[in-house]
Amino acid sequence: MRRLTFRLTITFLSGLIYLAVSAFSALAQEKPSSNLPPINDSGKWERYTGRGEAFTALLPEQPTAAVTYRPVRFIIASEAERYRGTLYSAYSDGVIYLIYSLPRRSTEFLQQFIHEFGNRYPPVTKATSARDLNLNGFSGLRFPIKFRDVDAVLDFYVANNRAYILHVVGGDESNPSVKRFLESFTIGKTDGTGKAIDSAVI
């Protein structure tokens, strides 16, 4: 069982990295180095949240939000709404910042979300061992990744009725901006209007 879990974990991580590396390459082609924003953009960072979300995070620009779905099989098309989530994305200084917010039932644990993606992608080049995370009582896992020549970090959390995946491509934990993003992530209560406290709604 442990071998199976490890294999599923690695294949899932490689899939997310592959997709983000493709996006990273596209952005690099669209933004010539001469047009990239300055490296020191600390003054631009603001705290954001999604509409109706309980998380907040510091990001270097206002992120975009797109519909995404958990990769599960369902018989009736209407069942897709049960697995509908949101992908928030931002880009700055050669680094992509992604936050997946996915629906979760109380009986689903963190490994469930890893297993769902397990058989979709080829093996990753290098993935170090996962590190346990604890965010105000919410459990999580962190995977530092090396895919081809690109560094990445993946954080996984489950909290109440949501699962969150923080995915950074283009830098590791030694990058001050990456560290700032990962350490800024919070999960908490909203102010009653669906807005996480002290944050701009996307």
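Residues numbered from 1 in each chain as written. Predicted model: local features only at pLDDT ≥ 70, side-chain atom pairs only at ≥ 80, totals over all residues. Heavy atoms only, no water.

## What to know about the nonpolar core
Side chains of nonpolar character tend, in soluble globular proteins, to be buried together.
(1) Moving on: Counting 25 residues, the largest nonpolar core has Ile 99, Tyr 157, Tyr 164, Leu 166, Phe 181, Phe 185 and Ile 187 as the members making the most contacts within it.
(2) Moving on: Counting residues per element, the ones that place at least two in this core are strand S2 (55–59), strand S4 (84–92), strand S5 (95–103), strand S7 (131–135), strand S9 (150–159), strand S10 (162–169) and helix H3 (176–184).
(3) Moving on: A per-element tally of this core places S2 first, with four residues.
(4) Moving on: Discounting residues that sit within four places of it in the chain, Tyr 157 has contacts with Leu 110, Leu 133, Leu 135, Phe 138, Ser 139, Gly 140, Arg 162, Ala 163, Tyr 164, Leu 166, Phe 185 and Ile 187.
(5) Moving on: Formed by 21 residues, the second largest nonpolar core is a distinct cluster that contains Tyr 100, Leu 102, Ile 114 and Phe 147. (Core = buried A, V, L, I, M, F, W, Y, C linked by side-chain atoms within 4.5 Å. Buried < 20%, exposed > 50% of the residue type's maximum accessible area, 1.4 Å probe, protein only. Helix = DSSP H or I, 4+ residues; strand = E, 2+ residues; numbered from the N terminus. Contact = heavy atoms within 4.5 Å.)

## Overview of the environment of Asn 175
(1) Moving on: Within the fold, Asn 175 resides in the loop between S10 and H3.
(2) Moving on: Asn 175 sits in the partly exposed class, given a relative accessible area of 22%.
(3) Moving on: With 80 residues separating them in the primary sequence, Asn 175 and Val 95 have C-alpha atoms 9.8 Å apart.

## A short note on the pairing of S2
(1) Moving on: Along S2, five of the five residues are buried, which leaves the element largely enclosed by surrounding structure.
(2) Moving on: Of the two faces of S2, the one carrying Phe 55, Ala 57 and Leu 59 and the one carrying Thr 56 and Leu 58 are both buried.
(3) Moving on: In the sheet, strand S1 (residues 46–49) pairs with S2 via three bridges, with the strands oriented antiparallel. Paired with Arg 47 across the two strands is Leu 58, which belongs to S2.
(4) Moving on: Direction of pairing for S2 relative to strand S11 (residues 186–187): antiparallel, over a ladder of two bridges. Of the residues in S11, the one forming a bridge with Thr 56 is Thr 186. (Pairing = 2+ DSSP bridges.)

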